[in-house]
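Residues per chain are reported as follows:
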Amino acid sequence: MIVFKTFLKVLRKNLPIVILYTTILLVFGISNMSTSENNMNFVASKPNIYIVNNDKSDGITKNLIDYISNNTNVINIENNEEKINDALFYRDVNYVIYIPKNYNNDFMAGKNPEIKIKSLNDYGANLTEMLLERYIQVAGIYRKSIIDENELILKINDTLKNDVKVNITSKLDTNSLDKASYYYSFASYSILACLILVICLILSSFNEEKIRKRTIISSTNYKKHNRILLLANFCYAFILWSLYVIVSFILVGKIMFSSYGLLYMLNSFIFTICATTIALLVGSLITNKGAINGIVNVIALGSSFLCGAFVPMELLPDSILKIAHILPTYYFIKTNEILKTLEIVEFNSLKPIFLNMLIIICFSIIFIILSNIVSKKKRKIA
Amino acid sequence: MSNIIEVKNLVKQYKEITAVDNLTFDVKKGEVLGLLGPNGSGKTTAINCILSLLNFNEGSIKIFGKEMNHDSYDLKKDIGVVFQEVSVFDELTVYDNIDYFCGLYISDKNQRKKYVEDAISLVGLNDFKKFYPKKLSGGLLRRLNIACGIAHKPKLIFLDEPTVAVDPQSRNNILDGIKHLRDNGATIVYTTHYMEEVELLCDRIIILDKGKILATGTTDKLKSLANIEEKITIEINELDINYLEKIKEFKNVDDAAYNGNSLVITYKKGKNNLLEIMEYMKKENIKYSKIFSERPTLNDVFLELTGKELRD
Ligand SMILES: Nc1ncnc2c1ncn2[C@@H]1O[C@H](COP(=O)(O)OP(=O)(O)O)[C@@H](O)[C@H]1O
Ligand SMILES: [Mg+2]
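Procedures and definitions
Residues numbered from 1 in each chain as written. Chains lettered and ligands numbered in written order. Predicted model: local features only at pLDDT ≥ 70, side-chain atom pairs only at ≥ 80, totals over all residues. Heavy atoms only, no water. Near = heavy atom within 4 Å. Polar contact = N/O pair within 3.5 Å; in protein donor to acceptor, adjacent residues only side chain to side chain. Areas by Shrake-Rupley, 256 points an atom, 1.4 Å probe, with all protein chains shown as cover. Domains from an automatic or database assignment. Buried < 20%, exposed > 50% of the residue type's maximum accessible area, 1.4 Å probe, protein only. Helix = DSSP H or I, 4+ residues; strand = E, 2+ residues; numbered from the N terminus. Pairing = 2+ DSSP bridges. Right-handed = clockwise from strand over helix to strand, strands pointing away. Contact = heavy atoms within 4.5 Å. Axes fitted to C-alpha atoms, helices over the stretch in contact; angles between N-to-C directions. Buried area = accessible area lost by both parts, 1.4 Å probe. Salt bridge = Lys/Arg side-chain N within 4 Å of Asp/Glu carboxyl O. Patch = residues over 30% accessible without salt bridge, like charges linked within 9 Å, V, L, I, M, F, W, Y side chains within 5 Å. Donors = N, O, S within 2.8 Å, 3.2 Å for Na, K, Ca; no water. Nonpolar A, V, L, I, M, F, W, Y, C, P; charged D, E, K, R; others polar.

## Describing the site of ligand 1
Residues and elements named next belong to chain B.
Then, number 1: Taken together, the residues surrounding ligand 1 are Tyr 14, Ile 17, Ala 19, Pro 38, Asn 39, Gly 40, Ser 41, Gly 42, Lys 43, Thr 44 and Thr 45.
Then, number 2: Here Gly 42 contributes a backbone N or O atom positioned 3.0 Å from an oxygen atom of ligand 1.
Then, number 3: Separating an oxygen atom of ligand 1 from a side-chain N or O atom of Thr 45 is a distance of 2.5 Å.
Then, number 4: In isolation ligand 1 offers 560 Å² of accessible surface; the protein chains occlude 63% of this area.

## Structural notes on the domain arrangement of chain B
Then, number 1: For chain B, the assigned domains are domain 1 (3-223) and domain 2 (230-295).
Then, number 2: For domain 1 of chain B versus domain 2 of chain B, the distance between C-alpha centres works out to 42 Å.

## Brief notes about the pairing of strand S7 (residues 156-160) of chain B
Residues and elements named next belong to chain B.
Then, number 1: Most of S7 is tucked away, with five of its five residues classed as buried.
Then, number 2: Relative to S7, strand S6 (residues 79-82) runs parallel, the two sharing four bridges. The residue bridging Val 82 from the neighbouring strand is Leu 159, located in S7.
Then, number 3: One ladder, built from five bridges, connects S7 with strand S8 (residues 187-192); its direction is parallel. Residue Asp 160 lies in a different strand from S8, and its bridge partner there is Thr 191.
Then, number 4: Taken together, S7, helix H6 (residues 168-183) and S8 constitute a β-α-β crossover, and its handedness is right-handed.

## Looking at the sheet that holds strand S2 (residues 73-74) of chain A
All names here are of chain A.
Then, number 1: Taken in spatial order, the four strands line up as S2-S1-S3-S4 in an open sheet, and their pairing is mixed. Here the strands that pair on one side only, and so sit at the sheet edges, are S2 and strand S4 (116-119).
Then, number 2: Where strand S3 (residues 95-99) and S4 come together, four bridges link them in antiparallel fashion. Bridge pairing links Tyr 95 to Ser 119 in S4.
Then, number 3: Sheet contacts for helix H5 (residues 81-89): strand S1 (48-53), S3 and S4; angle to S3, the most-contacted strand, approximately 150°.

## With respect to the pairing of strand S12 (residues 253-259) of chain B
All names here are of chain B.
Then, number 1: Pairing between S12 and strand S13 (residues 262-267): six bridges, direction antiparallel. Note on S13: the bridge partner recorded for Val 253 is Tyr 267.
Then, number 2: Once S12 ends, the chain turns through two residues before running back antiparallel as S13, passing Gly 260 with a positive phi of about 60°.

## A word on the interface of chain B and chain A
Then, number 1: With 34 residues of chain B in contact, the opposing surface of chain A contributes 27 residues.
Then, number 2: Buried surface at the junction of chain B and chain A, both sides included, amounts to about 3,100 Å², of which 57% is carbon and sulfur.
Then, number 3: The tally of links between chain B and chain A comes to three salt bridges.
Then, number 4: A salt bridge links Glu 91 of chain B to Lys 289 of chain A; the shortest N-O distance between them is 3.0 Å.
Then, number 5: The interface formed by chain B and chain A includes eleven residue pairs in polar contact (both at pLDDT 80 or more).

## A look at the pattern of salt bridges
Residue and element names in this part refer to chain A.
Then, number 1: Per the counting criterion, the structure on display carries 24 salt bridges over all chains.
Then, number 2: With its nearest N and O atoms 3.0 Å apart, the salt bridge here joins Asp 66 to Lys 62. Residue Asp 66 and its partner Lys 62 are located together in helix H4 (residues 60-71), separated by four residues, close to a single helical turn.
Then, number 3: By relative accessible area, which is 42% here, Lys 62 ends up partly exposed.
Then, number 4: With a closest N to O distance of 3.7 Å, Glu 208 and Lys 210 form a salt bridge.
Then, number 5: Classification of Lys 210 by relative accessible area gives buried; the value is 18%.

## Some thoughts on a nonpolar patch on the surface
Then, number 1: On the surface, Ile 361, Ile 365, Ile 366, Ile 369, Leu 370 and Ile 373 of chain A cluster together to form a nonpolar patch covering roughly 510 Å² of accessible area.
Then, number 2: Structurally, the position occupied by Ile 365 of chain A is in helix H17 (residues 347-377).

## Here's the deal with the sheet that holds strand S4 (residues 58-63) of chain B
Residues and elements named next belong to chain B.
Then, number 1: Taken together, four strands build an open sheet; the order of strands is S2-S1-S4-S5 and the sheet is antiparallel. Sheet topology places strand S2 (18-28) and strand S5 (66-67) at the edges, where each strand pairs with a single neighbour.
Then, number 2: When strand S1 (residues 3-13) meets S4, the two strands line up antiparallel, connected through five bridges. Within S4, the position partnered with Ile 5 by the bridge is Ile 63.
Then, number 3: Across the sheet, helix H1 (residues 43-50) touches S1, S2 and S4, and the angle it forms with S1 is around 115°.

## Digging into the coordination of the magnesium ion (ligand 2)
Reference geometry at the metal: tetrahedral coordination by four donors gives ideal angles of 109.5 degrees; octahedral coordination by six donors gives 90 or 180 degrees.
All names here are of chain B.
Then, number 1: Only Thr 44 (OG1) and Gln 84 (OE1) from the protein coordinate the magnesium ion (ligand 2), and they sit 1.9 to 2.2 Å from it. Here Gln 84 lies in the loop between S6 and helix H3 (94-103) and Thr 44 lies in helix H1, a separation of 40 residues in the sequence.
Then, number 2: Given the relative accessible area of 27%, Gln 84 is considered partly exposed.

## Focus: the domain arrangement of chain A
When the parts of a complex come together, some accessible area is lost, and that lost area is often used as the size of the interface.
Residues and elements named next belong to chain A.
Then, number 1: Assigned domains within chain A: domain 1 (2-37 + 173-381) and domain 2 (48-160).
Then, number 2: Counting from both sides, the interface comprises seven residues of domain 1 and, opposite them, four residues of domain 2.
Then, number 3: For the pair domain 1 and domain 2, the summed buried area comes to about 480 Å², and 68% of that belongs to carbon and sulfur atoms.
Then, number 4: Summed over the shared surface of domain 1 and domain 2, the number is zero salt bridges.
Then, number 5: Put simply, domain 1 and domain 2 have zero residue pairs in polar contact (both at pLDDT 80 or more) between them.
Then, number 6: Among the residues making up the side of domain 1 that touches domain 2, the classes are represented as three nonpolar, two polar and two charged.

## Some remarks on unusual backbone geometry
Residues and elements named next belong to chain B.
Then, number 1: One non-glycine residue, Asn 22, lies in positive phi territory at about 55°.
Then, number 2: Mapped onto the fold, Asn 22 is located in strand S2.
Then, number 3: When its relative accessible area of 44% is taken as the criterion, Asn 22 is described as partly exposed.
Then, number 4: Of note, Phe 64 is a non-glycine position whose phi angle comes to about 50°, a positive value.
Then, number 5: Relative to the helices and strands, Phe 64 resides in the loop between S4 and S5.
Then, number 6: Residue Phe 64 is classed as partly exposed on the basis of its relative accessible area, which comes to 27%.

Encoded structure:
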C-alpha cells in the first residue's frame, strides 16, 4: 500500500508536466481530426476485381457476374495470366474470379462446380469473397426447390437485393468513421508518449540505484514490490485510456455507441496494454532522467510516424510500411484503417482485426518477459 | 555473548581489483564494531557483500546465526542500513521519505507513525518534516539518510561513513544518535576513516587496508601495536641542531624531529618523560610557547602497520 501511495506522490510531484503533455497531445489530436478531409471513402471501399469467364452462357453465370460487378469495380486488363499476376502484385486488383467452363449447366444439374480464385487476402478481397460465397449459398438453397432457371434467378435476385438493402441501412456515414479512425490512430502517438513519459519518470525514481538498494535490503519481497509497481502503472494506463475513450464518445458518439465503437475501444485498450509494457521495459532500462524526453520522441514519434498515425497508411511508401511491420503500432493503426472501411461487422470480416490484436498481445508478452529479465538482473548492484 | 554476524573467508573481486581479500570476523551482540580504513580499503564492498547486495567470489556470511542470501526476508526485517551516499526520493518530503522506507518493513500504519516520529526526533529533524531533500543542507541530508535507515528500529545497524563531509553540529548530532541506538541495545557496524570517531564510539575495531584485516581489537590493544608509548610536541621558534642531537640521546627517546617550529619527540617507554624534557629546556634556557603530551593515536598504529597515513 505504501508503494502505491508513494507512486501517487511521485506522480503528483511530476503532475504539471504530465497534465501539460496529456492535454497538448489530446488537443493536437482533436484539432488534427477535424481538419482531416472526407476523402473518397466510398470508392476506396469498393474492391477492385477481375473476372475470367470461361463459360459463355447466360443464366446463372451472367447473373452471378452482374451481382458481383454491381458491388465491386471490375478492372479492365488483358486476359492473360502474367498480366493478372502483375495486377495482383501491384495491388491494382484485390480479387480474381475464374468461372469454369460449363458452369451454368453444371450448376443447374445440381453439381457444385468449383470457382477458382486468386486473392490479395486484404479487406477488399474478403469483401468480394463474401459476396461470392453469399451468392453461391443463396443460389444453392433455392436450386433444391426451383427447377426453372429464370424463376431461380428472380428468386436469388430478390433475396440478395434485400441483403444489399440491409447493408446500406446499417452502413454508418463514412465521414464519422474516418474521424474516429483518425482520432484513434493519432492516439497511438499520444498514449505511447504519455505512458513512456510518466512511467519512465516514476520508475527512474524507484529504480535509481540508491533507492533500489534500500528496497532490496528491506524485508519487503522484491518481486512483490515490483508487482505492485506494475499494477500501479497499469492503473495509470487504464485511466489514460479511459480519458481517450471518453473524449471519443464526445466527438464521435454516434460511432462509439455502435459495434464499431466497441471495436475501437477494444483495439485501443489492447494497444494501451502493449504501450504500457513498452514503457515498463524502457523504464527498467533507463538510468538517466534527462534522457526520458529524448526517448519519448524517438519511440513514440518514430513508431507513430512509421506506422501512419499522422499520414494515412495508403500514402506511405511500401518500404516504410515494411519496416513498420516490426512495430506493434502498425497493427493497431492497421485495424483502425480496416474499421474505417468495414461495411459488415461479422466474424469473417473481423478475422484480420482479431489477428492484429493477437499480434499486439504477443508483442506485449515479449516486452513483459524482457523487462522481467532486466529487473531480475537489477537485484544485485554489480 | 552470541555472534550477530559471522563472516568467513569473504573474497570479492572486481575485474582487476580484489576489493575484499579473505575477510574473517565476527560481530558480537550489543557491540559497536568499527571498520576503520582509508578510502578504497573495501569497507563499503564488505558491507554490500554481507547484505547480499553484491555477489561475492568466496566465503560465507551468517547473520543472527542463519545463512544470509537475497531472499532472507526474515533476517532483513531486523537489519537497518545507512548507506554512504544519501539515498532518498527527491520527490518526497522528509516525513514521506522516512515513512516510505519504514513502510518497507512495517505495514501497520499507527505503529509506523510512531516509529517515524521517533526517528525524526532522534536525528533532530523536527523542524524540517515538510522539507524536500533539495532544500536541505548537506548535514541535514545525512541526518535524513540515517533516519531512513533506522526508523524501523532494527537490531543490527550498518552505518557506512555517516559523517563524511558534515558540519560539526550535524556531526555531533549524528554521533549522539548513534550512541542512543547503542544504548537501546542495537548492534552496530560502523565504518569510517575518521579515527577519532572510532575511538569515541567503538568497543572493538578492525583496521582494514586493501581489503585485508591488518589488526583487530579494542582501542587500547591496538594502540599497543603502535610501538610508541608517548608523543611530546613542543613549539619552539628556533632550535639549535645540537640540542636536537642531545635530546635524541635521552634514555627513553625513540626519535626526535624538528620541522618548521615544532619539535616532536616519540618515546618507547618511560613515565616522567614530560617532566624530564621540561627540566632540560629550563636548564638550557630554550624558549618555547607550547608543550603537550599525547598517547599514540590510531593513525600512529596505521602508520606503524602500513608505513602510510590513514588520511591522505
Ligand atoms: N563497482 C565497482 N567496480 C569496480 N571496482 C570497484 C567498484 N566498487 C568499488 N570498487 C573498488 O573496490 C575497492 C574498494 O572500494 P570500497 O569498498 O568502496 O572502499 P571504501 O568503502 O573502503 O572506501 C576500491 O579500490 C574501489 O575502486
Ligand atoms: Mg565506502
